[in-house]
Amino acid sequence: MAASKSAPCPCTSGKAYGACCQPLHVGEREPEHAEELLRSRYAAFALGEIEYLWKTLHEDHPDRQKPMDRTFMALRLASSSLKYRGLVVVETSKPDRDGVERALYLARVFRSGEDVSFLELAEFLHDGKGLRYLAGRTKDAPNMTAPPAGLSFETF
Ligand SMILES: [Zn+2]
């Protein structure tokens with residue numbers, strides 16, 4: 001599913017796709033910080049940009065240790081079987097002394113009408129070429145339309 005540049009970006013930033021995640025998906029530039037990376041990955045799931053999801057998986061991420069075709073299949077399934085309804089970023093961090101950036105967010109996702117939204121605390125690390133998704137810890141958050149008050153890195 002190709003998205004038009006003038007359509008709203010599926011990461012729900014409120015910007016047009018061509019001015020938001022599209023330049024990242026086509027490789028014109030690399031994400032510069034955690035929020036850009038997580039937004040562009042969310043939009044990539046929504047649009048079926050599987051190559052981008054693979055490219056932005058850090059080589060130390062567990063899914064990179066599996067055979068590539070299996071990970072591609074799992075990414076394709078997650079992309080095609082789910083509806084991506086919105087992303088709310090709660091908190092992001094600057095790189096720590098190991099270069100790891102963190103982000104906490106609510107991903108609103110539906111499977112066949114069922115709300116399978118989740119909260120995730122994700123870690124990102126530069127691999128020499130760009131910022132990549134290193135690891136994530138999730139909590140189910142069905143029927144959550146906004147992050148709970150007081151949610152932070154410390155309370156997650
Ligand atoms: Zn976007």
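Predicted model only: the values in this text are computed from it and were never measured.

Cut-offs used in this document
- Residues numbered from 1 in each chain as written.
- Predicted model: local features only at pLDDT ≥ 70, side-chain atom pairs only at ≥ 80, totals over all residues.
- Heavy atoms only, no water.
- Donors = N, O, S within 2.8 Å, 3.2 Å for Na, K, Ca; no water.
- Tetrahedral: all angles 85-135°; square planar, octahedral: opposite > 155°, others 65-115°.
- Helix = DSSP H or I, 4+ residues; strand = E, 2+ residues; numbered from the N terminus.
- Buried < 20%, exposed > 50% of the residue type's maximum accessible area, 1.4 Å probe, protein only.
- Core = buried A, V, L, I, M, F, W, Y, C linked by side-chain atoms within 4.5 Å.
- Contact = heavy atoms within 4.5 Å.

### Here's the deal with the coordination of the zinc ion
- In this structure, Cys9 (SG), Cys11 (SG), Cys20 (SG) and Cys21 (SG) serve as the protein donors to the zinc ion, at separations of 2.3 Å.
- Bound by four donor atoms, the zinc ion shows angles of 105 to 114° at the metal and therefore tetrahedral coordination geometry.
- One chain supplies every donor for the zinc ion, spaced along it as C-x1-C-x8-C-C. You can see Cys11 sitting in the segment before α1 (22-25) and its partner Cys21 sitting in the segment before α1, a full ten residues away along the chain. The same class applies to Cys11 as to Cys21, namely buried.

### Some details on the nonpolar core
- Grouped together as the largest cluster of nonpolar side chains are 26 residues, with contacts concentrated most on Tyr84, Tyr105 and Phe124.
- Contributions of two or more residues to this core are made by α2 (34-47), α3 (50-55), α5 (68-81), β1 (83-92), β2 (101-111), β4 (118-126) and β5 (131-140).
- Of the residues forming this core, the biggest block, seven residues, is contributed by α2.
- The contacts of Phe124, once residues within four sequence positions are left out, are Ala34, Leu37, Leu38, Gly99, Val100, Glu101, Ala103, Leu131, Arg132, Tyr133 and Leu134.
- Leu104, Leu106, Leu121 and Phe153 belong to the second-largest nonpolar core, a separate cluster that totals eight residues.

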